[in-house]
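Chain by chain, the residues:
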Amino acid sequence: MDVVESLEALRAWRAGVISPLGFVPTMGALHEGHLSLVRRARGECERVVVSIFVNPAQFGPGEDLERYPRNLSRDLALLGGEGVDLVFTPTPAMVYPAGFATWVTVETLTERWEGAARPGHFRGVATVVLKLLNLVQADRAYFGEKDYQQLRVIERMVRDLNVPTTIVPCPTVREPDGLAMSSRNAYLDAAQRQAAAVICRALGAARQACEGGERDPKTLAAVVERMLAAEPLVRIDYVAVVDPVSLEPLTAIAERGAVCCVAAWVGAVRLIDNLLLAAPAEDRG
Ligand code: PAF
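Rules used in this analysis
- Residues numbered from 1 in each chain as written.
- Predicted model: local features only at pLDDT ≥ 70, side-chain atom pairs only at ≥ 80, totals over all residues.
- Heavy atoms only, no water.
- Salt bridge = Lys/Arg side-chain N within 4 Å of Asp/Glu carboxyl O.
- Helix = DSSP H or I, 4+ residues; strand = E, 2+ residues; numbered from the N terminus.
- Buried < 20%, exposed > 50% of the residue type's maximum accessible area, 1.4 Å probe, protein only.
- Axes fitted to C-alpha atoms, helices over the stretch in contact; angles between N-to-C directions.
- Parallel < 35°, antiparallel > 145°, perpendicular 65-115°, else oblique.
- Contact = heavy atoms within 4.5 Å.
- Core = buried A, V, L, I, M, F, W, Y, C linked by side-chain atoms within 4.5 Å.

Caption draft 1: Geometry of the pattern of salt bridges. One pass over the structure, following the stated rule, counts 17 salt bridges. Note that arginine 193 is salt-bridged to aspartate 177, the shortest N-O span being 2.9 Å. With a gap of 16 residues between them, arginine 193 in helix H8 (residues 190-196) and aspartate 177 in the loop between strand S6 (166-170) and H8 connect regions that are remote in the sequence. Relative accessible area serves as the criterion here: at 33%, aspartate 177 is assigned to the partly exposed category. Residue arginine 270 pairs with aspartate 237 through a salt bridge whose shortest N-O separation is 2.9 Å. Placement of the pair is arginine 270 in strand S9 (residues 269-278) and aspartate 237 in strand S7 (residues 234-242), with a sequence separation of 33 residues.

Caption draft 2: Representation of the packing of helix H1 (residues 7-15) against helix H6 (residues 121-136) in the model. Contact geometry for H1 and H6: axes closest at 9 Å, N-to-C directions at 45 degrees. Comparing their axes, H6 and H1 come out oblique. In this structure, H1 uses Leu7, Leu10, Arg11 and Arg14 to contact H6, whose residues at the interface are Asn134, Leu135 and Val136.

Caption draft 3: Broad picture of the environment of valine 266. Take valine 266: it is sitting in strand S8 (residues 258-266). Judged by its relative accessible area of 0%, valine 266 falls in the buried class. Along the chain, valine 266 and phenylalanine 122 lie 144 residues apart, while their C-alpha atoms are 23 Å from each other. Leaving out residues up to four positions away in the same chain, valine 266 has contacts with Leu188, Gln192, Ala196, Leu233, Val234 and Leu271.

Caption draft 4: A look at the nonpolar core. Among the nonpolar cores identified, the biggest contains 46 residues, and Phe23, Val129, Leu133 and Met157 are the most heavily contacted of them. Among the secondary structure elements, those contributing two or more residues to this core are H1, strand S2 (21-26), strand S4 (86-88), H6, strand S5 (140-144), helix H7 (148-160), S7 and S8. With 10 residues, H6 is the single largest residue contributor to this core. Residues in contact with valine 129, not counting those within four places in the same chain, are Phe143, Ile154 and Met157. Ranked by size, the runner-up nonpolar core spans 37 residues in total, among them Leu188, Ile253, Val262 and Val269.

Caption draft 5: Expanded view of unusual backbone geometry. Omega for the bond connecting serine 19 with proline 20 falls within 30 degrees of zero, at -10 degrees, which places this linkage in the cis form. As for its position among the elements, proline 20 is in the loop between H1 and S2. Even without being a glycine, threonine 108 presents a positive backbone phi close to 60 degrees. With respect to the element layout, threonine 108 can be found in the loop between helix H4 (92-95) and helix H5 (114-117). Judged by its relative accessible area of 49%, threonine 108 is partly exposed. A positive phi angle, near 65 degrees, is found at leucine 247, a position not held by glycine. Structurally, leucine 247 can be placed in the loop between S7 and S8.

The structure is reproduced here in structure tokens:
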């Protein structure tokens, strides 16, 4: 497995590579969720590149940029075990050199939910992902559905800007008690960790209600809100039942189905999760 830091070294490696090339962008602190993306890429592509870059541009003031978990040697050992061909580990100064002045803004889709809670976040994500896609020039790039709005934003950017990479959405990987895997789970103490599992249970209860015939998005959101409110260590940021493509709040469950998105604080840790409550009509069979 090659590990390269500079953009030039990545470009030189890329020039000699056979297709298809798969790409998994990460911020490191790898867990089974990341590894599931790598395995999917490994299964579908001749060569696999993983980037590890804690992108300062997607963290707001007062967020956890400084304390975001970093463990490069462990990450490299895990990636080596998955048969990754190249790991790209640029520094912030390489990605954002002095005079950097070009930003990517995906409109509308980024206004609500994570975009509202974290101003500038999606501008930072879209910009770094476009730069990475331009540098790696992969045939396929793999993103987890856990960051649902991020996935939709990247799909829209790639479509709008004609980026010649196929975005492959991959299912959320969960702990045995249902907690969605996230590098930020490492911040939770034992009691918080146990409490955090309510998020997935609440989403599951909403899906069950939906499958049982409850079709009112407000009532479905209330199922989630009630369960979260009953857990003293959890504080709701938002619970939203939305259109799976536009992420606009739904007043009725329609053809395109419905996704429930949640953000909640568990102590000082902000977690997000989501679940498809109703599949799009064409998938319902
Ligand atoms: O999902 C992430 O880890 C990051 O947002 C990404 C896509 C690697 C961009 O920094």
